[in-house]
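Fold and contact review
What follows is the residue order along each chain.
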Amino acid sequence: MTALGVVFRPQLAPERLRAVARVAEDSGLEELWLWEDCFLEGGIATAAAALAWTERLRVGVGLLPVPLRNVAVTAMEAATLHRMFPGRAVLAVGHGVQDWMGQVGARAESPMTLLREYLLALRALLRGERVTTGGGYVRLDDVALDWPPAQRAEVLAGVTGPRSLRLAGEAADGTVLTAANPPDAVRRARRLVDEGRTAAGRTEPHQVVVYLLAATGPGAAERLRAEQRAEGLAAVPDLGVAGDADAVAKAVRRLAEAGADTVVLQPTGDEPDPEGFVRFAAQQVRPLLD
């Protein structure tokens, strides 16, 4: 069964998160996803708060930009969340937006090398291993977590290009795809991920999370088109959905058929009722997917 989530977009003020998280919990939504977008809101801080305000809800961060974060710090924070909220935190890492990385002096000459080294080190640390490595970017000298996760902690990769998708299959436990991916692109991405898994000899499950730009209610179609134009995606066919619960559920099913294990509804940046959108997803869309 495809899992369903909703994004709390960081264009909303941080103080709005508690109300949205509580609605997500109370309405039975499975997952709430957060973004660490420069220079809006921190992913770990918001995830910790959302997890603390809820009891059941899974909270994902998609994604943490690796150029901004020493891998040991990310491992410490991830392990802390996994121990305090077992089975409820989902963390993805990725290259980050290169222009933003340049703004803060963190742009890597080889983002692929950095992400590969980072994924390998982070997953090893979260397995409780003692790590020494001297890569081009990730350098650790006899580092181990005193409080590693008590159970397996997956690390997802938020990536886009072919090489990065193959890397996700090779070195991550799952992949996060942006809302710029219609069903055909999800199929292609899944094939590339599987190529990486095969090359690395990996056979364990690899979850694929896909964002779906969605709008409902008055003016939904125009709000969707406006956001697509703003993102330069207006010409991409079969991308996003505007309409009632039936229309949204059909779009979710198309992504699931293309290879998505989790579909995360991404409201438009000008969504007038974020709490109402969460209720719509949980109470109207979710039942149509069973």
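Residues numbered from 1 in each chain as written. Predicted model: local features only at pLDDT ≥ 70, side-chain atom pairs only at ≥ 80, totals over all residues. Heavy atoms only, no water.

The next thing to look at is the packing of aromatic side chains. Here the structure, examined in full by the defined rule, presents three aromatic pairs. Where Trp33 meets Tyr211, the ring centres are 6.3 Å apart and the plane angle is 90°; that geometry is what we call edge-to-face. Placement of Trp33 in strand β2 (residues 31-34) and of Tyr211 in strand β9 (residues 207-215) is noted, with a sequence separation of 178 residues between them. Accessibility expressed as a relative area gives 1% for Trp33, which makes it buried. (Phe/Tyr/Trp six-rings, centres within 6.5 Å; stacked < 30°, edge-to-face > 60°. Helix = DSSP H or I, 4+ residues; strand = E, 2+ residues; numbered from the N terminus. Buried < 20%, exposed > 50% of the residue type's maximum accessible area, 1.4 Å probe, protein only.)

Turning to the pairing of strand β11 (residues 262-267), a few remarks are in order. Most of β11 sits inside the fold, with six of its six residues counted as buried. Burial of β11 is two-sided: the residues Thr262, Val264 and Gln266 facing one way and the residues Val263, Leu265 and Pro267 facing the other way are all buried. As judged from the four bridges shared by strand β1 (residues 3-8) and β11, these two strands associate in the parallel manner. Among the inter-strand pairings, Leu4 is bridged to a residue of β11, identified as Val263. Pairing analysis gives six bridges linking β9 to β11, with the strands arranged parallel. In the sheet register, Val209 faces β11, and the bridge partner there is Thr262. (Pairing = 2+ DSSP bridges.)

Let's shift gears to the pattern of salt bridges. The full count for this structure, using the stated rule, is 26 salt bridges. One salt bridge in this structure joins Asp261 and Arg190, with 3.1 Å as the shortest N-O distance. Taken as a pair, Asp261 in the loop between α9 (245-258) and β11 and Arg190 in helix α7 (residues 183-200) lie far apart in primary sequence, 71 residues in all. Residue class for Arg190 comes out buried when judged on its relative accessible area of 19%. Arg223 is paired through a salt bridge with Glu271; the nearest N and O atoms lie 3.5 Å apart. (Salt bridge = Lys/Arg side-chain N within 4 Å of Asp/Glu carboxyl O.)

In this fold, Arg9 is placed in the loop between β1 and α1 (17-27). The buried category is assigned to Arg9, whose relative accessible area is 9%. A distance of 2.7 Å separates the side chain of Arg9 from the backbone oxygen of Pro267, its partner in a polar contact. Beyond its immediate chain neighbours, meaning those up to four positions away, Arg9 contacts Trp35, Leu213, Glu227, Gln266, Pro267, Thr268 and Gly269. (Polar contact = N/O pair within 3.5 Å; in protein donor to acceptor, adjacent residues only side chain to side chain. Contact = heavy atoms within 4.5 Å.)

It is worth spelling out the packing of helix α5 (residues 111-126) against helix α6 (residues 162-171) at this point. At a minimum axis separation of 10 Å, α5 and α6 run at an interaxial angle of 15°. Comparing the axis directions of α5 and α6 gives the class roughly parallel. α6 is crossed by α5, and the crossing has right-handed handedness. Along its contact with α5, which presents Met112, Leu115, Arg116, Leu119, Leu120 and Arg123, the element α6 presents Arg163, Ser164, Leu167, Glu170 and Ala171. (Axes fitted to C-alpha atoms, helices over the stretch in contact; angles between N-to-C directions. Parallel < 35°, antiparallel > 145°, perpendicular 65-115°, else oblique. Left-handed = near helix turned anticlockwise from the far one by under 90°.)

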